[in-house]
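Tertiary structure, described
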Amino acid sequence: MSSEPKTLFEKVWEQHVVVEPKGEPAVLYIDLQLLHEVTSPQAFEGLRLAGRKVRRPDRCIATVDHNVPTTIAGRLNIVDQIAAKQISTLRKNCADFGIELYDVDSPDQGVVHIIGPELGLTKPGMTIVCGDSHTATHGAFGALAFGMGTSEVEHVLATQTLPQSKPRTYRITVEGELSRGVTAKDIILAIIGQIGTDGATGCVIEYAGSAIRALSMEGRMTVCNMSIEAGARAGMIAPDEVTYAYLKGRRFSPKGAAWIEAVAEWSKLPTDPGAKFDRELVIDASELVPFVSWGTSPGMVAPITAAVPDPAAAPTEQERKGLERALEYMNLKAGTPLQEVMIDRVFIGSCTNGRIEDMRAAAHIAAGYKVSTHVSAMVVPGSQAVKAQAEAEGLDRIFREAGFEWREPGCSMCLAMNPDVLQPGERCASTSNRNFEGRQGRGGRTHLVSPEMAAAAAIAGHFVDVRTWEVKQ
Amino acid sequence: MEPFRTLTSLAAPLDRANVDTDQIIPKQFLKRIERTGYGEFLFFDWRQTPEGELVPEFVLNDPRYKGAQILIAGKNFACGSSREHAAWALSNFGFRVVIAPSFADIFFSNAGKNGIVLVRLSEEQVNTLMNNAKTIANYQLTVSLENQTVTDSKGFSATFEIDPFRKFCLIEGLDDIGLTLRHEADLDAFEAKHNQAGWLKAK
């Protein structure tokens, strides 16, 4: 049987369409749902009210990440009673409906998008959903993974499916070699800066090209993670030997003959030569530099060598007002070189940059230095496994000796639902994904950067071009 | 979900682009386990000072727009986080319709599940409505989902596109899970076959 060349997305999509009723969205089968404490309680309550069961508890896992404090004392006694209730509600819901929970004291606890891949739950060709917009992270394995709201969480719990209109396809090809000090984070910040926060609305992005293939799985996850910041439904990267090497031997990866069969199936997934995308963009990796966000939207980014832009140059009145408002909130003056912007806080962690490679990269920069006296810096590993691995490698010691706090895993100051919060007016170099007003605490000012750039800023007390950093050890 | 056919109401102009869901409902209100009661927290940081005083210039604090059930906003409305709490907050506050040049994808789904009608008009049309809502006292719009039109009494008239199935669900106020379960036999058959694909097993 001959057929049209297909994209990675189309292959995964077609393998999961249960039924496509005329004039209605396709009913898409979901292979894995990830759950956490914040967006699930109303979904379970909905099931109870309707007398429904969870159709496939074996295709669900849950963990606690958004609310949990990142100090040991804080975790033993969660002071915030509303947060504590949300966590205990998840416990009850998982027990009542038979869902495996990686609780706060589990060696597998962590940010939901970090533990999925770590445990080998995330695999190529799967459909994966979670009530969290950064679910696109799992697309780094060639899975179709997207975020959704709580009504949809309930829908998947009840039916293991989701009605979906077919998204359009968008291939972003990043060709060439990255310079030293330029990372996966800089690739995705550059893309969002170029196409805008609604540049990929309605689309699934496939990231392709030699610069993407050269990334580790950790780097690929960083790129896919922020697809939502470009408005995309999902981001995907074709599975290859790097993917298989990462997955082999993980707890829920196939073993023995099943592994061989799985690799054979996964190898059929990459986009066929000649397959058509609705949109295409090509980026030259060799031209990329470290990026820093300067505003209140992830599209407001600039190279570290640049200055804060001038709103007067905006093409429209509404955009000019938007830029002025952003600069006012950020307390920045147009024309200020970004390297002169002083910071108060540093946050290294999150589902964007809380993996072991991020810890290593930040420690490499920090080793032998001291955090600036006017900066308070924290490192929050993305999971218990990341934390254990980092400690085995002595990274925690490097951070502590440099004056960083070394914390327990969770989402932490990426969204500041737990006690890790910026004070009004504080300026933070953050490896997270959103710089919206108040994201890290009301009145707080967030600058998005890579782990390397965040570590260097912590030490210098202001942003620096990490390409010129003198590594001590 | 409350069915929607036609609504005539005051329209409130929120003249900002890229309004994100962190602004619509800040994170501290996501710790609750209830589905209702979010209206008072809508745009919390924009409506109130850190000291808890109302910000008079913010549109939803302006008595002229009290009771508005239609919100007019800039492009890429409700981008960012997937929190359905944003849709709950808008709905609990009393909004049934948002008019904007574009909406973020996840919010688009969430709004549909909560009976909120999202009307996409051109930038130019939205600018006209925004200006009218700012300058004309007691400015009312009529949104007909059945006819897919937005009209006012001053001669403005526009049609909008909406997916026919989404329109049907909004008009009937239908429960999505029930709709999917019409296909339960197909689902059972699909799942039995899908279970054989070992490489797609979660665990």
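Here the residue index of a chain counts from 1 through its sequence in written order. Key to labels: chains lettered from A, ligands numbered from 1, both in the order written. Predicted model: local features are reported for residues with pLDDT of at least 70 only, side-chain atom pairs are reported and counted for 80 or more only, and whole-chain, interface and lining totals are derived from all residues.

In this description a helix means any DSSP run of H or I spanning at least four residues, a strand means any run of E spanning at least two, and both kinds are numbered starting from the N terminus. A count of helical and extended segments in chain B gives eight helices and seven strands. The buried share of chain B, taken over its 203 residues, is 44%. In this description, any two residues whose backbone-derived C-beta atoms lie within 7 Å of each other are considered to be in contact. For chain B, long-range pairs separated by at least 24 residues make up 72% of all intrachain contacts whose partners lie at least 6 apart in sequence. With C-beta atoms placed from the backbone, a residue is labelled by how many other C-beta atoms lie within 10 Å of its own: buried for 20 or more, exposed for 12 or fewer, partly exposed between the two.

Moving on, we come to the overall build of chain A. Scanning chain A from terminus to terminus reveals 17 helices and 19 strands. Computed over the C-alpha atoms, the radius of gyration of chain A is 22 Å, within 12% of the 23 Å expected from 2.2 N^0.38 for a compact globule of 473 residues. Counting only C-alpha atoms and orienting by the principal axes, one finds that chain A spans roughly 60 × 55 × 50 Å. Relative to its 473 residues, chain A shows a buried fraction of 59%. A separation of at least 24 residues holds for 77% of the contacts in chain A among residues at least 6 apart in sequence. Radius of gyration: C-alpha atoms only; globule rule: 2.2 Å multiplied by the number of residues to the exponent 0.38.

Another point: the pairing of strand 5 (residues 140–144) of chain B. All names here are of chain B. The side-chain alternation of strand 5 yields one buried face, formed by Leu141 and Val143, and one unburied face, formed by Gln140, Thr142 and Ser144. When strand 1 (residues 6–14) meets strand 5, the two strands line up antiparallel, connected through five bridges. In the strand pairing of strand 5, Thr6 is matched with Ser144. Only strands joined by at least two bridges in the DSSP assignment are considered to pair. Joining the antiparallel neighbours strand 5 and strand 6 (residues 149–151) is a turn of four residues, in which Gln148 adopts a positive phi near 60°.

So, on to the interface of chain B and chain A. In this complex, chain B contributes 48 residues to the contact, which on the side of chain A involves 67 residues. Looking at the side of chain B that touches chain A, the elements that each hand over two or more residues are helix 1 (21–24), helix 4 (105–113), helix 6 (164–172), helix 7 (176–180) and helix 8 (184–194) of chain B. Amino acids outside the nonpolar list (Ala, Val, Leu, Ile, Met, Phe, Trp, Tyr, Cys, Pro) and the charged list (Asp, Glu, Lys, Arg) are all regarded as polar, and Gly is one of them. Its residues placed into classes, the side of chain B that touches chain A shows 18 nonpolar, 14 polar and 16 charged.

Turning to the environment of A:Gly149, a few remarks are in order. Relative to the helices and strands, A:Gly149 is located in the loop between strand 7 (144–147) and helix 6 (150–159). When the C-alpha atoms of A:Gly149 and A:Asp132 are compared, they prove to be 7.5 Å apart, with 17 residues separating the residues in sequence.

Attention now goes to the environment of A:Ile459. Residue and element names in this part refer to chain A. By the element assignment, Ile459 lies in helix 17 (residues 451–460). A sequence separation of 57 residues divides Ile459 from Ala402, and the C-alpha atoms of the two residues are 8.4 Å apart. Setting aside its immediate chain neighbours within four residues, Ile459 contacts Ala366, Tyr369, Lys370, Val371 and Ser372.

Residues and elements named next belong to chain A. In the sheet, strand 9 (residues 168–175) pairs with strand 10 (residues 203–208) via six bridges, with the strands oriented parallel. Across the sheet, Thr169 pairs through a bridge with Val204, a residue of strand 10. Handedness of a crossover is defined as follows: orient the strands so they point away from the viewer, and if the path from the first strand over the helix to the second runs clockwise, the crossover is right-handed. A crossover connection joins strand 9 to the parallel strand 10 through helix 7 (residues 184–195); in handedness this β-α-β unit is right-handed. Alignment of strand 9 against strand 12 (residues 279–284), held across six bridges, turns out to be parallel. Note on strand 12: the bridge partner recorded for Glu175 is Asp284.

Moving on, we come to the packing of helix 14 (residues 356–366) of chain A against helix 17 of chain A. All names here are of chain A. Convention adopted: a line fitted to C-alpha atoms gives each axis, helices being fitted over their contacting stretch, and angles between N-to-C directions are expressed from 0 to 180 degrees. One can describe the packing of helix 14 onto helix 17 by two numbers: an axis separation of 8 Å at closest approach and a directional angle of 35°. Along this stretch, helix 14 crosses helix 17, giving a crossing that reads as right-handed. For the pair formed by helix 14 and helix 17, the contact residues are Asp358, Ala361, Ala362, Ile365 and Ala366 on the first element and Pro451, Glu452, Ala454, Ala455, Ala456 and Ile459 on the second. When its residues are assigned to classes, the contact of helix 14 with helix 17 shows nine nonpolar, no polar and two charged. Two helices crossing with the near one rotated counterclockwise from the far one by less than a right angle form a left-handed crossing, whereas a clockwise rotation gives a right-handed crossing.

The next thing to look at is the nonpolar core. Counting 207 residues, the largest nonpolar core has A:Val346, A:Ala366, A:Ala458, B:Ile72 and B:Ile99 as the members making the most contacts within it. Discounting chain neighbours no more than four positions away, the residues touching A:Val346 are A:Val375, A:Ala377, A:Cys428, A:Ala429, A:Ala454, A:Ala457 and A:Ala458. To count as a nonpolar core, a set of buried Ala, Val, Leu, Ile, Met, Phe, Trp, Tyr and Cys residues must be joined through C-beta atoms within 7 Å.

On to the sheet that holds strand 9 of chain A, then. Within a beta sheet, neighbouring strands are joined by backbone hydrogen bonds and run either parallel or antiparallel to one another. Residues and elements named next belong to chain A. Spatial ordering of the open sheet is given by 11-10-9-12, a layout of four strands whose pairing is parallel. In the strand order of this sheet, the two ends are held by strand 11 (234–236) and strand 12, each with one partner. If you compare each strand with its neighbour and ignore which way they point, the axes differ by 20° on average.

All names here are of chain A. The strand order across the open sheet built from five strands is 17-16-15-18-19, with neighbouring strands paired in parallel fashion. With one partner strand each, in any of the chains shown, strand 17 (405–406) and strand 19 (445–448) form the two edges of the open sheet. Note that strand 16 (residues 376–379) and strand 17 share two bridges and pair parallel. When the sheet's bridge partners are listed, Met378 is paired in strand 17 with Glu405.

Here we take up unusual backbone geometry. A positive phi angle, close to 60°, is found at A:Gln160, a residue other than glycine. Topologically, A:Gln160 is positioned in the loop between helix 6 and strand 8 (161–164). The phi dihedral of B:Asn76 falls on the positive side, at around 60°, and the residue is not glycine. Relative to the helices and strands, B:Asn76 is located in the loop between strand 2 (70–73) and helix 3 (85–93). Using a count of 25 C-beta atoms within 10 Å as the deciding quantity, one classes B:Asn76 as buried.

Residue and element names in this part refer to chain A. Tracing the backbone shows Glu401 in helix 16 (residues 395–402). Residue Glu401 is classed as partly exposed on the basis of its C-beta count, with 13 C-beta atoms lying within 10 Å. Through-space distance from the C-alpha of Glu401 to that of Ala385 is 22 Å; in sequence the pair is 16 residues apart.

Looking now at the confidence of the model for chain B. When pLDDT is averaged across chain B, the result is 96; 100% of the residues are at 70 or more. For this predicted complex, the interface confidence comes out at an ipTM of 0.96, alongside a pTM of 0.97. Here pLDDT means the predictor's own confidence in every residue, given as a number from 0 to 100.

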